[in-house]
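In case you want the letters, here they are:
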Amino acid sequence: MSKVSRSRDLASVERDMSNDQPTEFLLHGGRVQTCDFQSPPQEAILVRGGRVAAVGALGDLERMVKASTPRVDVKGATILPGFVDTHPHAMHFAALKVAAIDLSDAQSHDDIVSRIRARAAVTPPGEWIFCTPVGEAHYFIRRSYRDLPEGTLPNRWRLDEATDKHPLIIQAYAPKQPNIVALNSLALSQLGISEVLPERVCDVWIDRDSEDRVSGILRGAVTNYYTRDPFWLQILSKLPAPPPAIWPIAGQAGMAEMNSIGVTSIFEIHAMNAAQLAAYQTLRREGKMTCRVLAGLDVADTAFDIHYQPSDIQLRDVIDFMSKAADLTDDWLRTEGVLLCRTGPCNPGFLRMYEPIKAPYGGTTYGLEFLPRRVEETVVRHCAETGVRLSALLATPPDFDDFFATIAKLGVQESVARQHWIVQHALLVNENSARNMARHGMCCTTSKGFHWGKGDLYCERIGDHALPDLIPMRRLLDHGIKVGGGTDWGPKSVLEQIKLAETCEFAGSNRRNQHRSQPVTRSEAIRMFTKDAADILGWKGIGSIEVGGYADFAIMDADPFDVPVDDLPKIQVLQTIVGGRTVFSAGSQIG
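What you see is a predicted model; the values in this text were computed from it and never measured.

A. Representation of the overall build of the protein chain. Summing up its helical and strand segments, the protein chain has 19 helices and 25 strands in all. For 591 residues, the compact-globule estimate of 2.2 N^0.38 gives 25 Å, and the C-alpha radius of gyration of the protein chain, at 25 Å, lies within 12% of that figure. For the C-alpha atoms alone, the extent of the protein chain along its principal axes is close to 80 × 60 × 45 Å. Within the protein chain, the fraction of its 591 residues that count as buried is 58%. Of the contacts formed within the protein chain by residues at least 6 apart in sequence, a portion of 73% connects residues at least 24 apart. Surface exposure of the protein chain reaches about 22,200 Å², of which carbon and sulfur atoms provide 50%. On the protein chain, the mean spot of the 63 positive side-chain charges and the mean spot of the 72 negative ones are 3 Å from each other.

So this is what it looks like as structure tokens:
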């Protein structure tokens with residue numbers, strides 16, 4: 001019997017290993033895509049102590065190991081380095097789920113009532129019950145409440161059948177506006193929503209039934225974030241804030257979701273606050289990390305406090321904290337940098353533009369600044385002084401022009417290039433903005449999902465002339481800018497994001513934006529979630545399979561380099577391995 005014929009599954013190998021004994025095993029039987037973008041596919045990987053000891057021909061690696069070394073046959077699967085997601089909001093989006101009843105796959109009003117009733121049975125009376133929206137977050141284009149047999153959300157009286165002892169809300173997520181929420185009678189009472197109010201308050205419409213009674217359905221600017229509607233902000237202020245204990249739970253749940261799509265390393269900085277950073281630090285101390293995380297802080301997080309307007313002292317304090325807290329040595333949790341966001345998305349009318357664009361509820365808008373220009377100057381200056389790496393969330397030409405004018409005014413071009421500052425989102429990037437990014441040595445993290453989920457909206461609100469500049473990945477690469485991919489608002493599939501970078505299609509209309517500034521090759525798209533993403537994070541040993549690197553792998557039932565583009569989202573992640581340990585298995589055990 002040959003050595004290879006004694007192959008076993010990875011889980012059984014791990015069960016035989018004590019926690020203090022280095023894990024050694026040989027992966028073989030499929031195709032190894034190293035993603036160094038130089039080597040051809042390999043045959044096998046030798047793992048020792050959570051790192052790659054060798055990669056190459058099976059016969060060569062067999063000569064390096066003992067007869068007793070476990071062999072794991074992947075049975076024709078493809079092994080890639082674990083994906084690197086540079087903008088997932090893993091903890092944030094998981095928090096929305098773990099604190100709520102998940103209605104994303106709800107099939108009917110009866111199903112919704114049944115799920116709520118089950119939660120109410122174990123929830124103390126009087127405590128708020130939150131529910132997720134119905135459908136596929138976060139754009140709700142492929143599936144939403146409209147696809148329920150009833151065609152809408154259940155009204156207050158139907159929700160009262162589930163519970164009349166708990167205030168209840170079916171929430172609306174950004175980025176979709178107008179949107180819809182549903183509340184039961186107790187929630188309406190506690191929030192002060194009754195027939196006394198007109199049918200429209202600011203940009204919120206309060207539905208009535210045939211007898212002119214408030215139905216519990218509210219529409220318009222009713223999202224749980226990215227809303228500046230005065231009436232809805234008052235409603236949100238009456239809802240309980242997330243409890244501090246939720247963040248470690250959400251961190252674990254978010255990493256688990258990342259693992260399920262083959263992601264093993266993530267960058268968490270946008271809207272990150274001190275409590276959330278501390279949650280990751282707690283998980284690291286407790287040995288509960290299943291992703292490698294690079295985390296930073298938002299200098300002025302308005303996602304959880306919409307009214308926050310920091311002073312210069314407060315801004316400098318955050319930057320000074322991150323200067324002292326920076327750690328780029330840990331194997332699991334690294335801390336670096338701050339983020340500045342002065343604007344928001346198109347959906348609620350926040351996108352800053354030079355020309356007026358259509359607003360969501362009639363009329364036109366030039367967009368909105370969350371924070372004044374002085375904040376940008378303070379942050380840029382102090383980051384340059386302290387050597388703290390800045391991620392600037394820039395969306396449009398006014399954002400880019402302001403930012404680069406600030407850099408020129410302060411004379412900090414060398415600091416920007418030396419620290420490789422990052423542009424995040426980069427929604428509308430014209431040639432001038434791309435040239436400025438390249439000239440300043442900046443890199444970029446973005447998501448083709450923005451293009452997919454909002455392309456039709458940009459056509460409606462701005463016009464087709466915006467399409468060449470909408471997430472123009474080809475343009476960025478042609479200017480020599482390194483781009484890292486992110487899943488952000490979705491689709492929550494790296495493989496589908498890779499497809500979208502190639503097809504440049506819109507959800508809903510399926511229109512394809514094939515301007516020369518747009519499509520990238522398959523290899524370029526995969527680099528954005530592997531080697532180039534790792535380079536942007538500055539984390540050696542992730543994003544490619546190389547000797548001495550981490551044994552972080554995504555094992556799939558097909559090779560994403562080779563399948564037809566429309567088959568990319570159909571590829572199944574069979575197993576995700578981090579540091580030589582399985583953190584996700586699809587159930588069809590390899591080996």
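And the narrative resumes.
B. Representation of the confidence of the model for the protein chain. Across the protein chain, pLDDT averages 95, with 96% of residues at or above 70. Per-residue pLDDT, averaged within each element of the protein chain, yields its smallest value for helix 1 (residues 10-15) (58) and its largest for strand 7 (residues 83-85) (99). Considering only residues more than four positions removed or in separate chains, one finds that residues 1-6, a stretch of pLDDT under 50, has 10 contacts.

C. Region of the structure containing the sheet that holds strand 10 (residues 179-183). Spatial strand order, 8-9-10-13-12-11: 6 strands in an open sheet with mixed pairing. Among the strands making up the open sheet, the edge pair consists of strand 8 (129-131) and strand 11 (200-201). Examined bridge by bridge, strand 11 and strand 12 (residues 204-208) share 2 bridges and lie antiparallel to one another. Looking across to strand 12, one finds that V201 is bridged to V204.

D. A look at the pairing of strand 3 (residues 44-48). For strand 3, the buried fraction is high: 4 of the 5 residues fall into the buried class. Summarising the sheet, strand 1 (residues 24-28) and strand 3 pair through 4 bridges and their orientation is antiparallel. Bridge pairing links F25 to V47 in strand 3. Across 5 bridges, the pairing between strand 3 and strand 4 (residues 51-56) is antiparallel.

E. Focus on the packing of helix 15 (residues 448-461) against helix 17 (residues 494-503). Running from N to C, helix 15 and helix 17 point in directions that differ by 70°, and their axes come no closer than 8 Å. The angle between helix 15 and helix 17 places the two elements in the roughly perpendicular class. In this structure, helix 15 contributes K448, G449 and W452 to the contact, and helix 17 contributes Q497, L500 and A501. Looking at the contact of helix 15 with helix 17, its residues break down into 3 nonpolar, 2 polar and 1 charged.

F. Region of the structure containing helix 11 (residues 373-386). Here helix 11 is 14 residues long and its end C-alpha atoms lie 20 Å apart, about the 20 Å a rise of 1.5 Å per residue gives. By the burial criterion, the buried members of helix 11 are V375, E376, E377, T378, V379, V380, H382, C383 and A384. On its buried face, helix 11 is in contact with helix 10 (312-325), strand 16 (333-341), strand 19 (390-394), helix 12 (397-410) and helix 13 (413-419). Trailing helix 11 by a residue or two, G387 shows a phi angle of about 75°, which is positive.

G. Expanded view of helix 10. Between its terminal C-alpha atoms helix 10 stretches 20 Å, which fits the 20 Å expected from 14 residues at 1.5 Å a residue. All of the buried residues in helix 10 are L315, V318, I319 and M322. An end-on view of helix 10 places all buried positions within 90° of arc, on one side of the element. Turned more than 90 degrees away from the buried face of helix 10 sit I313 and K324, all of them exposed. Buried residues belonging to helix 10 abut helix 9 (274-285), strand 15 (292-298), strand 16 and helix 11.

Reading guide: rules and limits
Residues numbered from 1 in each chain as written. Predicted model: local features only at pLDDT ≥ 70, side-chain atom pairs only at ≥ 80, totals over all residues. Heavy atoms only, no water. Helix = DSSP H or I, 4+ residues; strand = E, 2+ residues; numbered from the N terminus. Rg over C-alpha atoms; globule rule 2.2 N^0.38 Å. Buried < 20%, exposed > 50% of the residue type's maximum accessible area, 1.4 Å probe, protein only. Contact = heavy atoms within 4.5 Å. Areas by Shrake-Rupley, 256 points an atom, 1.4 Å probe, with all protein chains shown as cover. Lys, Arg positive; Asp, Glu negative; His and termini not counted. Charge placed at Lys NZ, Arg CZ, Asp CG, Glu CD. pLDDT = per-residue confidence, 0-100. Pairing = 2+ DSSP bridges. Axes fitted to C-alpha atoms, helices over the stretch in contact; angles between N-to-C directions. Parallel < 35°, antiparallel > 145°, perpendicular 65-115°, else oblique. Nonpolar A, V, L, I, M, F, W, Y, C, P; charged D, E, K, R; others polar. Expected span 1.5 Å × (residues − 1). Arc of directions from axis to C-beta.

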